[in-house]
Structures are given as C-alpha cells and as structure tokens.
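# Descriptive structure summary
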Amino acid sequence: MSLNVVVIGTGYVGLTTGVVLAFLGNKVTCVDVDREKLARLRRGETPIHEPYLPELQALAAPNLEYTDDYHQAIPTADVIFIAVGTPPLADGNPNLQYLEAAARSIGENLGDKPVVIVNKSTLPIGSGNWVDAIIRDFAGGGDKEVYVASNPEFLREGSALQDALYPDRIVVGSEDPKALRTLEMLYLPLVEQHFDAPDFLPRPAGLGPTPFVATDLASAELIKYAANAFLSVKISFINEIAALSEKVGADITQIARGIGLDARIGSRGLQAGIGWGGSCFGKDTAALLATALDYRLHMPIVKAARDINDLQRERVIEKLLGELKILKGKTIGLLGIAFKPNTDDIRDAPALVIARRLKEYGARVLLHDPVAMPNAQRLHPDLGQYQCCAAEVFSGADAVVLVTEWAEYNDLPFETLVAKMRRPIIVDGRNALSPETLIKAGYRYLGMGRSF
Ligand code: NAD
Ligand code: UGA
C-alpha cells in the first residue's frame, strides 16, 4: 500500500529516508528551506556524498518531489517525518529551533485528514509531546487528527542506504495505536524484507525479518540516546585499553579480536584509534548528560567516554612530540579530513582538532581528503594547506598522520613516497595501514595501542 509521505529536512537522514520510502513505492515530498539544495535535487544531483544514494535516488525519482512550500506538501500527507538538524548548544542541549520552526509550519498548513507526525531527528525526551503541542497551537485549535510518534534513526554515514534498507531493527514509539499501526504498515516491506533489492545493494545473505520494536514515546526517544551513548562508551573503552596495551607492549588489534569473539561483547565498534567524531556521538552524549542533570542524575560512564575521546586526539600530538621533540616549524601531513571514510561530513571530525592543535604548536599542516576537501575548504579555509592529491602531503613532511582510513590510502605507493619526506615518520591514527609494509619501506611506524 502506498502512502503520501512528507520528509522535512533533506540532510543525511531526511534524504535517505525520503529516497528509501519512495523506492518502496510511496509518494514522497521532500521539504527543505535550503533552496540551493532543492535546486540540485530537482536536477537529479545528490548534495551529499553517500554511497549508492545517487543510484537509489534515480530509481525512486518517479515517486519523489522536492519543495520549500509547506502549503503544497502538508495538507495531503498521511505521514510527515521531521528530520531537521539538532546541533548542540554550548550547554550540551540540542538546538531545537529548526524543529520548532518545522512543527510550526506543519501546524499552519495542516489539512483536514488524519496525519501521523514522526520525529526522526534525535530529540530530547518529551519532544514528542512538545511537537504535538506546537502543531495544535499553530493549527488554530480544534480537534485535528494529529498522531505523534518517535522513530529514531540508526543509520551510519557512509553506509546509510545499506543501513536503511536492511536495518537491525525499527523502533517506533507513540502513545497512539493509530500512529503505531500506520508506521508498521509503512515499514512492512522493510520488516518482511519483501521488496526487490536493487542490484547495487543486494540483500545480505540469510537476512530474516527486521524486528519492529513498538514502545511508548519516551522509551523510543531514550533508546536513541542510549544506543549512541553505548556505542561511544564501547569505542572509548577500547581506546582506554589501547593506552595500557601500548605501555605493556601488547597489540590492541589482537586484544579487540580476542574479546570481540565473545558474543556478549561483539567485534564491531572495537576499532581503537583517534576516537569518535561526527555530528552525533559528541552531540548526543552531551544531550544525555544535560537531560540527566535536569533530573539531578550523574552519568559517570558517559562522561568518562567523552573525556577519553578528547584525550585520543591529544595522543596523536604526544606521539609527534615524542618523535620530533619540537613541532614549531615542522611540516605535518594529514591524510583524511572526513570524520570517517565514505562521507564528506566533517562535523566534529578529529582532523579539525588535530590540525588546529598542530598549528597552535607552530607546525605547518598539509591536508588531503578524497571527498571532504571542498567542505573543509569552504568551512575551514585556514585549517592548513590543502593538497590536490594524497602524495603531496608527504612532500617535505616531518611526519604524516593517517586520520581517516579511506581505503584508497592503503594503495598509496609508500615505497616511493618515503623519499619525498624530510623524516619518514607515519602515525597510523586508525591502525589501518600495514606496519610490516611501512617498516620494510623505511618508515618509522607508530600505531595506536600497539608497540610499533
Ligand atoms: P543535516 O544538517 O544534514 O540536515 C538537516 C536539513 O534540515 C538541512 O538540509 C536543513 O536545511 C533542513 N532544515 C532546517 N530547518 C528546516 C525547516 N524548518 N524546514 C525544512 N527543512 C529544514 O542533518 P542530519 O545529519 O540529516 O541530521 C538530522 C537529524 O537526524 C539530527 O537530529 C541528527 O542527530 C539525527 N541523526 C543523524 C544521523 C546522521 O548520520 N547524520 C543518524 C541518525 C540520526
Ligand atoms: C553513528 C551510529 O553508529 C549510528 O547508529 C547513528 O545513527 C549515528 O551515529 C547518528 O546518530 O548520527 P556515524 O556517526 O555515522 O553513526 O558513524 P559510526 O560508524 O558509528 O562512527 C562514528 C565515529 O566513531 C567515527 O569517527 C568512527 O571513525 C569512530 N569509530 C567507529 C571508531 O573510532 N571505532 C570504531 O570501532 C567505530
């Protein structure tokens, strides 16, 4: 069954949601306030770098529309997803101004038919009730049939389409059975996995039905924060063990394998390195702490995960200081700017902190990223000297740091690049390169949490 779906906000989450729901046969209108983005989308372009998004967007194109006109989109909608940004404020709470504006515009333009409003943005506990109140206020009172639900998103950037088509679970929270039923119907193709998988994103072998987790509103809202906090804690835990591993001469990659094979621990999210970045772990752990404080609760585990994460960036600087002693006047090349591979997203990217710290020490910073460089140059023109190709960050460098583990960096001609460097030092911030190959090629190799 096909529904009229509106998705508000065409960022990493909104665009993925819109494209996937359109691919599954729904009529989808994507609403954004960014006209430049909309113009690109209408031309069939994809404004973000996300693997397979252009291909799926093209397949779903007959079911997709893009507009900045709420009045055109809202009155005929069966389901409206809100997927606007919720960036952090200085006190840790998310900035809800975009959510408020979206809720207001929905209220002002509501038609007479029943509609399910879905919070897909990551929002503090109570946001479902708040959105419901705003919409009703701006709809001019009356008994509008508005049913609010929370449907947190768990996709990862760089594998957003894979995660959205083949999710581990779908969580929907609402106080209203009608909202739960509508969303269960909308998600049925994903729950039962009965859609024809696109050739470029085949269904993983042996994939069964997707668990559909129906909860109350507050539980769904808290599930999202708990999931991101847990993932952050897991990474910070392996980084804490990595610090000890390095001291005692052990190898954190072997330790991660040794503990990860215990099914209760699991091997994913145990990659030690320079710590987590991106738009969500930092923002969501800060928001969780801020919410806890509202209830006079402390969350020392989540707080510690954040503190450890801050230290990881500093460990790179310590390694460079240990090798070079003085950073002033030295040239350091950074391979990778995006917060992780396969995305152009540089929000809270470790490279930003590391480059700034190096500059504070008086070092000259050379930067490269295969995809995120235009974003970085636009938003941080003074971060360092942007290089046209990865090989150039080795030119005259006293050290090169692998910051983002783009697969293509593994294929660099390290044997010849060594001659371009002033000192052949490589800090592998992600333990992604081959120490044996690099050492053989004449480099001094330093990993994270290993005795190299
Ligand atoms: P984003 O910044 O990429 O996109 C937000 C979009 O909303 C922008 O295009 C912006 O122009 C638009 N917008 C702002 N105000 C609007 C309004 N009033 N009406 C219409 N459009 C408006 O954000 P994102 O990364 O997609 O994140 C969105 C939400 O999803 C956040 O709450 C985030 O925490 C959550 N989330 C993100 C991810 C991720 O991987 N990025 C994953 C899960 C959850
Ligand atoms: C994360 C969650 O994994 C998603 O489930 C969630 O939907 C999303 O946040 C969100 O709420 O925005 P994402 O930030 O896109 O997704 O990417 P991850 O793959 O989780 O990586 C986050 C950061 O942790 C990256 O900087 C990555 O390099 C780092 N990381 C990840 C590690 O340092 N070690 C690991 O083992 C895994």
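Refer to the structure presented above.
Since we're looking at a predicted model, the values are computed, not measured. Within each chain, residue numbers correspond to sequence positions counted from 1 in written order. Throughout, the order in which chains and ligands are written sets their labels, letters from A for the former and numbers from 1 for the latter. Side-chain atom pairs in this predicted model are given and counted only at pLDDT of 80 or more, local residue features only at pLDDT of at least 70, and totals for whole chains, interfaces and linings cover all residues. In computing side-chain values, all of the structure's heavy atoms are included and hydrogens and water are not.

### Remarks on the site of ligand 2
Nearness of a residue to a molecule or strand requires only that one of the residue's heavy atoms be within 4 Å of it. In the region of ligand 2, 20 residues are neighbours, and Phe 154, Leu 155, Glu 157, Lys 224 and Cys 280 sit closest. In the model, an oxygen atom of ligand 2 is placed 2.9 Å from a nitrogen or oxygen of the Arg 430 side chain. Relative to its free-state accessible area of 700 Å², ligand 2 is covered by the protein chains to the extent of 87%. In terms of residues, the shell around ligand 2 owes the most to one element, helix 10 (residues 217-248), which gives 4 residues. Under the grouping applied here, Gly and all other residues not named as nonpolar or charged are polar, the nonpolar ones being Ala, Val, Leu, Ile, Met, Phe, Trp, Tyr, Cys and Pro and the charged ones Asp, Glu, Lys and Arg. Considered class by class, the residues forming the shell around ligand 2 number 9 nonpolar, 5 polar and 6 charged. Any pair of nitrogen or oxygen atoms within 3.5 Å is treated as a polar contact; in protein, a donor-acceptor pairing is required on top of that, and neighbouring residues in sequence qualify only through side-chain atoms on both sides. In this description, accessible areas are obtained by the Shrake-Rupley approach with a 1.4 Å probe, and a residue is regarded as covered only by the protein chains that are shown. By the criteria applied, helices consist of DSSP H or I runs no shorter than four residues and strands consist of E runs no shorter than two, each listed in order from the N terminus.

### Describing the packing of aromatic side chains
Both the distance between ring centres and the angle between the ring planes are used here to describe each pair of aromatic rings. Geometry of aromatic contacts follows a simple scheme: Phe, Tyr and Trp rings, the Trp one being its six-membered ring, pair when their centres are within 6.5 Å, and the pair is stacked under 30 degrees between planes, edge-to-face over 60, tilted otherwise. Across all of its chains, the model carries 7 aromatic pairs by this definition. Both rings, one in Tyr 166 and one in Phe 195, keep their centres 6.0 Å apart while their planes meet at 25°; by these two values the pair is stacked. Highlighted residues: Tyr 166 in the loop between helix 7 (160-165) and strand 7 (170-174) and Phe 195 in the loop between helix 9 (188-192) and strand 8 (212-215), separated in sequence by 29 residues. Each residue is assigned to one of three classes by its accessible area relative to the maximum for its type, calculated with a 1.4 Å probe on protein chains only: buried under 20%, partly exposed between the two thresholds, exposed over 50%. Using a relative accessible area of 8% as the deciding quantity, one classes Phe 195 as buried. Each ring, one from Phe 414 and one from Tyr 443, has its centre 6.1 Å from the other, and the planes form 85°; the classification is edge-to-face. Of this pair, Phe 414 sits in helix 16 (residues 414-417) while Tyr 443 sits in the loop between helix 17 (435-440) and strand 14 (444-446), and the two are 29 residues apart along the sequence.

### Some details on the packing of helix 13 (residues 300-324) against helix 14 (residues 350-360)
Angles run from 0 to 180 degrees between N-to-C directions of axes, and those axes are lines fitted to C-alpha atoms, restricted for helices to the stretch in contact. Look at helix 13 against helix 14: their axes get within 9 Å of each other, and the N-to-C directions meet at 40°. Accordingly, the angle class assigned to the pair helix 13 and helix 14 is oblique. The chirality of how helix 13 crosses helix 14 is right-handed. Note on element contacts: helix 14 touches helix 13 through Pro 350, Val 353, Ile 354, Arg 357 and Leu 358, opposite Arg 313, Glu 314, Val 316, Ile 317 and Leu 320. Reported orientations rely on four angle classes, namely roughly parallel under 35 degrees, roughly antiparallel over 145, roughly perpendicular from 65 to 115, and oblique for the rest. Note on convention: the crossing is left-handed when the near helix lies turned anticlockwise from the far helix by less than a right angle, right-handed when the turn is clockwise. By the convention used here, residues are in contact when the closest approach between their heavy atoms is within 4.5 Å.

### Things to note about the site of ligand 1
Close contacts around ligand 1 come from 29 residues, with Asp 32, Lys 37, Tyr 70, Thr 86 and Lys 283 the closest. In the environment of ligand 1, an oxygen atom lies 2.9 Å from a nitrogen or oxygen atom belonging to the backbone of Val 13. One of the side-chain N or O atoms of Arg 347 is found 2.9 Å from an oxygen atom in ligand 1. The fraction of the free accessible surface of ligand 1 (840 Å²) that becomes covered by protein chains is 89%. Secondary-structure elements contributing two or more residues to the shell around ligand 1 are helix 1 (12-23) and helix 5 (97-109). With 3 residues, helix 5 is the largest single contributor of residues to the shell around ligand 1. Residues that form the shell around ligand 1 fall into these classes: 13 nonpolar, 8 polar and 8 charged.

### Observations concerning unusual backbone geometry
With a phi angle near 55°, Gln 193 is a residue other than glycine that sits in the positive phi range. Within the element layout of this structure, Gln 193 appears in the loop between helix 9 and strand 8. If you check the backbone angles, Arg 296 has positive phi at about 55° while not being a glycine. Structurally, Arg 296 is set in the loop between helix 12 (281-294) and helix 13. Taking relative accessible area as the criterion, Arg 296 reaches 77% and is therefore assigned exposed.

### A few points about helix 10
Given a rise of 1.5 Å per residue, 32 residues ought to cover 46 Å, and the 47 Å separating the end C-alpha atoms of helix 10 matches this to within 8%. Here helix 10 starts with a cap whose side-chain oxygen sits 3.3 Å from the backbone nitrogen of Ala 218, and that cap is Asp 216. Of the residues one or two after helix 10, Gly 249 is the one with positive phi, at around 80°. Take the number of residues in a helix, subtract one, and multiply by 1.5 Å to get its expected span.

### Some remarks on the sheet that holds strand 12 (residues 399-402)
Each pair of strands is called paired provided DSSP finds at least two bridges between the two strands. One open sheet accounts for 6 strands, arranged 11-10-9-12-13-14; its pairing is parallel. The open sheet is flanked by strand 11 (385-386) and strand 14, the only strands paired with a single partner. Pairing of strand 13 (residues 425-428) with strand 14, which is carried by 3 bridges, proceeds in the parallel orientation. Along strand 14, the bridge assignment pairs Val 427 with Leu 446. Its contacts with the sheet put helix 14 on strand 9 (331-335) and strand 10 (364-368), and the angle it makes with strand 9 is roughly 175°.

### Brief notes about the nonpolar core
Only buried Ala, Val, Leu, Ile, Met, Phe, Trp, Tyr and Cys residues count toward a nonpolar core, and they belong to the same one when joined by side-chain atoms within 4.5 Å. Judged by nonpolar contacts, the single largest core of 54 residues is most densely connected at Leu 320, Ile 332, Leu 334, Leu 335, Leu 358, Phe 394 and Tyr 443. It is helix 14 that contributes the most residues to this core, 5 residues altogether. Those residues in contact with Ile 332 that sit more than four places away from it in its chain are Leu 320, Leu 324, Leu 327, Leu 358, Ala 363, Arg 364, Val 365, Leu 366, Ala 399 and Val 401. Core analysis: the second largest hydrophobic core is formed by 46 residues, Val 79, Leu 155, Leu 165 and Leu 183 among them.

### Regarding the layout of surface pockets
Buriedness of a pocket was judged along seven lines, with at least five required to meet protein on both sides within 12 Å; pockets are open sets of points on a 1 Å grid over the protein atoms alone, cavities are sets where a 1.4 Å probe fits but cannot get out, and lining residues have an atom within 4 Å of a point. Grid points are joined across faces, edges and corners, and a volume is the space filled by probe spheres set on the points. Roughly 190 Å³ of volume is contained in the second largest pocket. Lining the second largest pocket are Asn 239, Ala 242, Ala 243, Glu 246, Lys 247, Gly 273, Gln 312, Arg 315, Glu 318, Lys 319, Met 448 and Gly 449. Secondary structure elements with two or more residues in the lining of the second largest pocket: helix 10 and helix 13. For the lining of the second largest pocket, the leading source of residues is helix 10, giving 5 residues. Taken together, the residues that form the lining of the second largest pocket break down as 3 nonpolar, 4 polar and 5 charged.

### Remarks on the pairing of strand 12
On a regular strand, one side chain projects to one face of the sheet and the next to the other, so that they alternate. Side chains of strand 12 alternate between two faces, with Ala 399 and Val 401 and Val 400 and Leu 402 buried alike. Sheet topology places strand 12 next to strand 13; 3 bridges connect them, and they run parallel. Bridging across to strand 13, Val 400 finds its partner in Ile 426.

### Some points on the packing of helix 10 against helix 13
Interaxial distance between helix 10 and helix 13 falls to 9 Å at its minimum, and their mutual angle equals 45°. What the angle tells us is that helix 10 and helix 13 run oblique. Crossing geometry of helix 10 relative to helix 13 is assigned as left-handed. Touching Ala 229, Ser 232, Val 233, Ser 236, Asn 239, Glu 240, Ala 243 and Glu 246 of helix 10 are Ile 301, Val 302, Ala 305, Ile 308, Asn 309, Gln 312, Arg 315 and Lys 319, all from helix 13. In the contact of helix 10 with helix 13, the residues fall into 7 nonpolar, 5 polar and 4 charged.

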